[in-house]
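This is what each chain is made of:
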Amino acid sequence: MSEAPRLELRAAPFLHRGLSTRRLMYEVLASLVPVVGAAVYFFGVAALLVVLASSAGAVLTEWFFGASRRGLGTLRDGSALLTGVLLALTLPPALPLWMAFLGGVVAIGLGKTIWGGLGQNLFNPALVGRAFLQAAFPEALTTWTPPGRDLWSVPASTFAWPFMRADVDVTTSATPLGLAKFAGQPTELEALWFGNTAGSLGETSAVVLVVCGLVLALRRVFDWRLCVSTILGVALLSGVLHAVLPEQCPPPAFTVLSGGLLFGAVYMVTDPVTTPLTPLGAWIFGSGVAVLVVLIRVWGGLPEGVMYAILLMNAATPLINRYSQPRPYGG
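From a predicted model like this one, the values you see are computed outputs, not experimental measurements.

Caption draft 1: Representation of the overall build of the chain in the model. Looking only at helices and strands, the chain has 16 helices and zero strands in total. Sequence separation of 24 or more characterises 75% of the internal contacts of the chain that already satisfy a separation of 6 or more.

Caption draft 2: Inspection of the pattern of salt bridges at higher detail. Inspection of the entire model under this criterion finds five salt bridges. One salt bridge connects Asp 223 with Arg 225, and the closest N-O pair in it is separated by 3.0 Å. One connected set of salt bridges, linked through shared partners, spans Arg 23, Glu 27 and Arg 219.

Caption draft 3: Main features of the packing of aromatic side chains. What the rule picks out here adds up to six aromatic pairs. Taking 5.4 Å as the distance between ring centres and 40° as the angle between the ring planes, the aromatic pair formed by Phe 263 and Tyr 267 counts as tilted. Of this pair, Phe 263 and Tyr 267 both sit in helix α14 (residues 261–268), four residues apart, roughly one helical turn. Among the residues examined, Phe 263 registers a relative accessible area of 3% and is labelled buried.

Caption draft 4: Structural detail: the side chain of Ser 200. Along the chain, Ser 200 falls in the loop between α10 (189–194) and α11 (206–218). Within the local environment of Ser 200, its side chain forms a polar contact with the backbone oxygen of Thr 90, the two atoms lying 3.0 Å apart. Apart from residues no more than four positions distant in its own chain, Ser 200 is found in contact with Phe 43, Leu 89, Thr 90, Leu 91, Arg 130 and Trp 144.

Caption draft 5: Region of the structure containing empty space enclosed by the protein. Counted according to the given criterion, the structure contains one cavity of 30 Å³ or more. Forming the walls of the largest cavity are Phe 43, Ala 46, Pro 93, Ala 94, Thr 145, Pro 146, Arg 149 and Pro 155.

Caption draft 6: Just unusual backbone geometry, in detail. Phi at Arg 220 is positive, roughly 55°, even though this residue is not glycine. Along the polypeptide, Arg 220 turns up in the loop between α11 and α12 (224–244).

Caption draft 7: Representation of the nonpolar core in the model. Core analysis: the largest hydrophobic core is formed by 76 residues, its most contacted members being Leu 32, Val 35, Phe 263 and Tyr 267. Filtering out sequence-adjacent residues up to four positions away, Tyr 267 remains in contact with Val 28, Ser 31, Leu 32, Val 35, Leu 86, Leu 209, Cys 212 and Leu 216.

Caption draft 8: A look at a nonpolar patch on the surface. On the surface, a cluster of nonpolar side chains totalling about 530 Å² of accessible area is made up of Val 240, Val 244, Leu 245, Val 291, Leu 295 and Trp 299. Broken down by secondary-structure element, the contributors of at least two residues to the nonpolar patch are α12 and α15 (279–299). Ranked by residue count, the leading element in the nonpolar patch is α15, at three residues. Mapped onto the secondary structure, Trp 299 falls in helix α15.

Caption draft 9: Focus on the layout of surface pockets. As a volume, the largest pocket reaches approximately 760 Å³. Around the largest pocket sit 33 residues that line it, and Leu 24, Val 221, Thr 270, Asp 271 and Pro 272 are the ones nearest its centre. For the lining of the largest pocket, the element with the most residues is helix α5 (residues 79–88), which contributes four residues. Of the residues that constitute the lining of the largest pocket, the class distribution is 20 nonpolar, seven polar and six charged.

Thresholds, definitions, all that
Residues numbered from 1 in each chain as written. Predicted model: local features only at pLDDT ≥ 70, side-chain atom pairs only at ≥ 80, totals over all residues. Heavy atoms only, no water. Helix = DSSP H or I, 4+ residues; strand = E, 2+ residues; numbered from the N terminus. Contact = heavy atoms within 4.5 Å. Salt bridge = Lys/Arg side-chain N within 4 Å of Asp/Glu carboxyl O. Phe/Tyr/Trp six-rings, centres within 6.5 Å; stacked < 30°, edge-to-face > 60°. Buried < 20%, exposed > 50% of the residue type's maximum accessible area, 1.4 Å probe, protein only. Polar contact = N/O pair within 3.5 Å; in protein donor to acceptor, adjacent residues only side chain to side chain. 1 Å grid on protein atoms, 1.4 Å probe; cavity = no way out; pocket = protein on both sides within 12 Å on 5 of 7 lines; lining within 4 Å. Points joined across faces, edges and corners; volume = space filled by probe spheres on them. Core = buried A, V, L, I, M, F, W, Y, C linked by side-chain atoms within 4.5 Å. Patch = residues over 30% accessible without salt bridge, like charges linked within 9 Å, V, L, I, M, F, W, Y side chains within 5 Å. Areas by Shrake-Rupley, 256 points an atom, 1.4 Å probe, with all protein chains shown as cover. Nonpolar A, V, L, I, M, F, W, Y, C, P; charged D, E, K, R; others polar.

Shown next as structure tokens:
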């Protein structure tokens, strides 16, 4: 006589793609390898040192607050390492390593741990670390070096002692956004596309970011609506403003390819924890980021506004989730 089938009670979802948190983090980390490689190619080994310092600060902070008491559990998912790498790619090439390390500490400590850990933070941890460094060390965070430096040449500022001013041994250069906003000098689209411009480590080469974004989208690592709505919204709004105020607002192609927009759209806007869960909410979130980016770039005091736009929309995510819920069946 066969036994009666056992009744199993489980919570939804009942079907899944087998995409665990750990696998998701490491897939995104793998996609960042070409971005880091491009940064090293344009800015030399100093770029790799900044990535290592920021990652070390994030990983050690994660270990101190959680893994040291529970083995390596909270480190194995790769979220701390991913936060450190993302933060580093938003930083200048010649940033002192101790600042990059401190940024990684703040990103995990104030951007993630203080909220309760992975999945409970309101703001993107990497951008929290970047915002802290921007507020604490504005001069260092706005000192840009042009690409083309010798691969093994490291600026003196890289190894500066904490809270000490280093000797300047590099030629600084304005970013394309800074040149356009404060000097009225345009940058060729070819330079923006291939990365031969000054800027943060991960934002200069548009072609690398586009390819990595397409790979992640095809593998369904993130919600494509977030990325598309951000880029499309910036292109549409900047196009309208350029038609009305051509001297004040650059054309759409320049606005999309310059600064940290593509990097933010691919790797920051698509953060599954700090962005809306619904399809409608994704469109609202991306459109909100786009509007804020263009407004800050055109009328703000800073040439760039991607970081502030994403953080502001992170704060609005709970409200967006609340009012974008689909109507229940039969409701």
